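# Structure at a glance
One-letter residues, chain by chain:
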Amino acid sequence: ALGRLVTATSVIGIMLPENGDTVTVSIQGDGEAGRLLAVGDYFGNVKGYIQNPAVDVPKKSNGKLDVGGAVGNGLLTIIRDNGDGEPYTGSIPLVSGEIAEDVAAYYVLSEQIPTVCALGVLVDRDQSVKCAGGYLLQLLPGAPAGLVDLLEYRVQDVGSITANLDKGMDMRQVVEELLYGMGLQLMEEHPVSYECKCSRSKVESALISLGREELQRLIDEEETTDVTCQFCDVIYHFERKDLEELKKAQKK
């Protein structure tokens, strides 16, 4: 579930209009996985978080993991932030919890853009990710009649992302199969990575935002205060004297 979400967020991020823009994709379901969150930037770099990564997910009748069952029912929310004013926020009820269908439904219902989304993460026997990928296919205004039916056929014919990647194809080859005969032009390629931009200064700001009373409680009760980034697991250590300095920096 998390792999699918960060892949989708990377693709959505690279569609952002301006350098410095960010997108946050949140899934709040009632399943055992809990909350899922991913943040992407203009370059497609991404970071993600899942509340309960140790869910015991049963397999469906087709042998695939029941990701939708682990996610459950709830909301998909997408927040686009250009750092200038109020971010744009849209939400829809989850369609299936399988992530790809939910992302496609968001674009159809919230932005009225006909969309196909496919995502795949293949977990190896040692629990590592063997391969992962995805695509977001959208119709532009003025697309010819019948194109939707053709694309739906192609999507079914090409098959799952992970099956194609596992047999040695890359995402460019997958897209070439999807859009065969349609004059495909590759416009850009970008390397992407899992990237967290946390810093000690950002954690200090978060601690200051707790308020004077909470900071004083930490000073009184804890020898050291450790704050762990939920995205990259980096631990930031604060001694009592550090918290005293932060308390002084607060506005009374």
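See the structure shown above.
Below is a short write-up of the structure.

### With respect to the overall build of the protein
Counting its regular elements, the protein contains nine helices and nine strands. Judged by the C-alpha coordinates and their principal axes, the protein covers about 70 × 40 × 30 Å. When the 252 residues of the protein are sorted by exposure, 37% land in the buried category. For the protein, the share of sequence-separated contacts (at least 6 apart) that also reach a separation of at least 24 residues comes to 54%. Carbon and sulfur atoms provide 51% of the accessible area of the protein, an area that totals close to 15,000 Å².

### Some details on the pairing of strand S2 (residues 35–41)
Burial analysis of S2 places six of its seven residues in the buried class, the great majority of the element. Summarising the sheet, strand S1 (residues 22–29) and S2 pair through seven bridges and their orientation is antiparallel. Within the sheet, the bridge partner assigned to Gln28 lies in S2 and is Arg35. Here S1 folds back onto S2, and the loop between the two strands holds five residues, one of which, Gly34, carries a positive phi near 75 degrees. Hairpin connection of S2 to strand S3 (residues 46–50): four residues between the antiparallel strands, including Gly44 at a positive phi of 90 degrees.

### Observations regarding the environment of Pro114
Within the secondary structure layout, Pro114 lies in the loop between helix H3 (100–111) and strand S6 (115–123). Between the C-alpha atom of Pro114 and that of Ile78, which follows or precedes it by 36 residues, the distance is 17 Å.

### Observations regarding a negative patch on the surface
On the surface, a cluster of negative charge is made up of Asp157, Asp170, Glu176 and Glu177. The exposure class assigned to Glu177 is partly exposed, which follows from its relative accessible area of 46%.

### Looking at helix H9 (residues 240–249)
An α-helix turns once per 3.6 residues; consequently, residues spaced three or four apart project the same way. Turning to H9, its buried residues number three or more, namely Leu243, Leu246 and Lys247. For H9, the angular spread of the buried residues around the axis is 100 degrees, confining them to a single face. Exposed and oriented more than 90 degrees from the buried face of H9 are Lys241, Lys248 and Ala249. Of the surrounding elements, those touching the buried residues of H9 are helix H7 (200–208), helix H8 (212–221), strand S8 (224–228) and strand S9 (235–239).

### Side note on the state of the cysteines
Following the criterion strictly, the structure yields zero disulfides and no others. Sulfur of Cys131: no disulfide; nearest cysteine sulfur belongs to Cys117 and is 16 Å away. Cys232 provides the cysteine sulfur closest to Cys198, a residue in no disulfide bond, and the two sulfurs are 3.6 Å apart.

### With respect to the packing of aromatic side chains
Following the criterion strictly, the structure yields two aromatic pairs and no others. Each ring, one from Tyr42 and one from Phe43, has its centre 5.2 Å from the other, and the planes form 80 degrees; the classification is edge-to-face. Between Tyr106 and Tyr107, the ring centres sit 5.6 Å apart and the planes meet at 85 degrees, which makes this aromatic pair edge-to-face. Side by side, Tyr106 and Tyr107 carry an identical accessibility label, which is buried. Here Lys47 stacks its cationic end above the ring of Phe231, 4.6 Å away from the centre of that ring. Its end group placed over the ring of Phe238, Arg200 keeps NZ or CZ at 4.1 Å from the ring centre.

Conventions used here
Counting restarts for each chain: residues are numbered from 1 in the order of the written sequence. Local features in a predicted model are, by the rule used here, given only for residues with pLDDT of at least 70; side-chain atom pairs are given and counted only at 80 or more, and totals for whole chains, interfaces and linings are based on all residues. Note: side-chain values were computed over all heavy atoms of the structure, leaving out hydrogens and water. Here a helix means four or more residues in a row that DSSP labels H or I, a strand means two or more in a row labelled E, and each is numbered from the N terminus. The rule is simple: take the accessible area with a 1.4 Å probe, protein chains only, and divide by the maximum for that residue type; under 20% is buried, over 50% is exposed, in between is partly exposed. Working rule for contacts: check all heavy atoms of both residues, and any pair within 4.5 Å makes them a contact. With residues, only the protein chains shown are counted as cover, and all accessible areas are computed by Shrake-Rupley using a 1.4 Å probe. Paired strands, in this sense, are two strands between which DSSP finds at least two bridges. Residues qualify for a patch when their relative accessible area is over 30% and they have no salt bridge, like charges being joined within 9 Å and the nonpolar side chains of Val, Leu, Ile, Met, Phe, Trp and Tyr within 5 Å. Here a salt bridge means any side-chain nitrogen of Lys or Arg lying within 4 Å of a carboxyl oxygen belonging to Asp or Glu. For the charge count, each Lys or Arg is scored as positive and each Asp or Glu as negative, with His and the chain ends excluded. Charge positions come from single atoms, namely NZ of Lys, CZ of Arg, CG of Asp or CD of Glu. By definition, the arc is the one covered by directions from the helix axis to the C-beta atoms. Whenever a pair of cysteine sulfur atoms sits within 2.5 Å, that pair is classed as a disulfide. Pairing of aromatic rings covers Phe, Tyr and Trp, the last through its six-membered ring, and needs centres within 6.5 Å; plane angles under 30 degrees mean stacked, over 60 mean edge-to-face, and all others mean tilted. Any Lys NZ or Arg CZ that is within 6 Å of a ring centre and within 35 degrees of that ring's normal is treated as a charge sitting over the ring.

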